[in-house]
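# Structural overview for review
Here is what each chain is made of, one letter per residue.
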Amino acid sequence: MAAAERKPLAGAAAARRLARSCWSAFWDYETPKVIVVRNRRLGVVYRVVQLLILLYFVWYVFIVQKSYQDRETGPESSVITKVKGITSSEHKVWDVEEYVKPPEGGSVFSIITRIEVTPSQAQGTCPESVRVTNATCNSDEDCVAGELDMLGNGVRTGRCVPYYHGDSKTCEVSGWCPVEDGASVSQFLGKMAPNFTILIKNSIHYPKFKFSKGNIEIRKDGYLKHCLFDEVSHLYCPIFRLGFIVERAGENFTELAHTGGVIGVIINWDCDLDLSASDCNPKYSFRRLDPKHTPASSGYNFRFAKYYKINGSTTRTLIKAYGIRIDVIVHGQAGKFSLIPTIINLATALTSIGVGSFLCDWILLTFMNKNKVYSHKKFDKMVDTPDRGAGPGPRGSAPPQQDSTLTDPRGLAQL
């Protein structure tokens, strides 16, 4: 009977102790223990780490990155372009309507600098190009009638015929004849092209901050009719010479005009809206976008045809055009002071200063000669002792208390 009564009493006492410990958590306040260690080297390390963290947040986070601002990236943008100038080739004079494709004046357009013309093409039969796979032949048996090569110029008739020049033979095809290889004539248009002028009209809008701006200065004296772009004196005159763009991209104009290429005109609008609107200015940069050192993908060319009728039959002139493609790319970001990111970054800065304490504690606990003394002073070790009077007691008496001893092997003087 005594053993049976002891178990319920011990269980009730444990439950009461657990309830008291849980309830005391609501009104108990805990604070970290502070140990002052008089060590000059460690103190210097601690202050240096704190200073570096403080400099990082003050200089880089708040001054350079402006993390106290609310930000918007990728402005809404519109681009309108217009090219002016004339040039000549061996056979004719070319104006804007002929060498600019497409003519709408968008953010991507091409200026033709060299062409290969295949005149008077008509529907008929003719030798296939030698550049087409398996086009060369020795007899009709090498050509399969009705065969169609997706990279070729027509449907094969089954005949092996002499090529346009030389002693070779190719399979005959039915299509637009003669094919490009057989009768094309090259013409260079880039002689006067460096002096072409390009107007790039750009306007941007940051909807979050309701801020809009354009890259053209508003004046009524015909300013745009007699100015050219200059980063210092004519920043808001976005009229560029084609030669200037190619030169700033680091390219040779003559080589680029022969092979073609893609040049990017990058307009960057980075705006600090805590300042006045006049401090938000466009920054222009230029670079080549196609990989010129990779022969398989360098250069730029495209084909188009002009159709007309002769004696009721349709004829065309095929033009393979090499040119300089201009891609106008607009990007940027705007920022303005906001309380929320400021509070978040300040809290992060104050929290990060505690890294100095963590680093110095690690040095003390790992590398200092008296690291064990520091460990005993920093961490209090509680040793539980058995309950006194664990035997049965009178009903209603207070439950036995748990005793503990605090180990403190050495004094502060040893630090």
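Notes on the structure follow.

Each value, and the rule that gives it
Residues numbered from 1 in each chain as written. Predicted model: local features only at pLDDT ≥ 70, side-chain atom pairs only at ≥ 80, totals over all residues. Heavy atoms only, no water. Helix = DSSP H or I, 4+ residues; strand = E, 2+ residues; numbered from the N terminus. Buried < 20%, exposed > 50% of the residue type's maximum accessible area, 1.4 Å probe, protein only. Lys, Arg positive; Asp, Glu negative; His and termini not counted. Salt bridge = Lys/Arg side-chain N within 4 Å of Asp/Glu carboxyl O. Polar contact = N/O pair within 3.5 Å; in protein donor to acceptor, adjacent residues only side chain to side chain. Contact = heavy atoms within 4.5 Å. Expected span 1.5 Å × (residues − 1). Core = buried A, V, L, I, M, F, W, Y, C linked by side-chain atoms within 4.5 Å. Pairing = 2+ DSSP bridges.

Residue position: Lys320 is located in strand E16 (residues 313-337). Despite its burial, Lys320 pairs with no opposite charge; the closest candidate is Glu116, at 4.6 Å N-O. At 3.1 Å, the side chain of Lys320 forms a polar contact with the side chain of Tyr322. Residue contacts for Lys320: discarding those within four places in its chain leaves Arg114, Ile115, Glu116, Glu180, Asn301, Phe302 and Arg303.

Okay, helix H2 (residues 40-64) next. The end-to-end C-alpha distance of H2 is 34 Å, a good match for the 36 Å that 25 residues give at a rise of 1.5 Å each. Within the span of H2, buried status applies to Leu42, Val49, Gln50, Ile53, Phe57, Val61 and Phe62. Turning to H2, the residues buried within the fold contact helix H7 (339-352) and helix H8 (355-366). Positive phi appears at Lys66, one or two residues downstream of H2, with a value of about 50°.

Here we come to the nonpolar core. Membership of the largest hydrophobic core comes to 51 residues, with the highest contact counts inside it found for Tyr99 and Leu242. In terms of residue count, E16 provides more of this core than any other element does, 7 residues in total. In this view, Leu242 contacts Ile111, Ala193, Pro194, Phe196, Ile198, Phe253, Ile324 and Ile326; residues no more than four positions away in its chain are not counted. Ranked by size, the runner-up nonpolar core spans 6 residues in total, among them Val49, Ile53, Phe57 and Phe62.

Before going further, it helps to spend a moment on the pattern of salt bridges. Enumeration over the complete set of coordinates arrives at 11 salt bridges. A salt bridge links Arg156 to Glu147; its shortest N-O distance comes to 3.1 Å. Arg156 sits in the buried class, given a relative accessible area of 7%. Notably, a salt bridge pairs Arg325 with Asp327, separated by 2.9 Å at the nearest N-O pair. Here Arg325 falls in the partly exposed class, since its relative accessible area comes to 25%. A single salt-bridge network, built from bridges that share partners, covers Glu251, Arg288, Asp290 and Lys292.

Attention now moves to the pairing of strand E15 (residues 301-310). For a regular strand, the rule is simple: side chains alternate between the two faces of the sheet. Pairing of E15 with E16 involves 10 bridges; the strand directions are antiparallel. Opposite Phe304, over in E16, you have Ile319 as the bridge partner. The turn joining E15 and E16, which pair antiparallel and follow one another in sequence, is formed by 2 residues; a positive phi near 55° is taken by Asn311.

Now for the environment of Cys171. Note on placement: Cys171 falls in strand E8 (residues 169-177). With relative accessibility at 0%, the residue Cys171 sits in the buried group. Each C-alpha atom, one on Cys171 and one on Asn134, is 8.7 Å from the other, the two residues being 37 residues apart in sequence. For Cys171, the residues in contact, after removing those within four places along its chain, are Cys126, Pro127, Glu128, Ala135, Cys137, Asp142, Cys143, Arg156 and Arg159.

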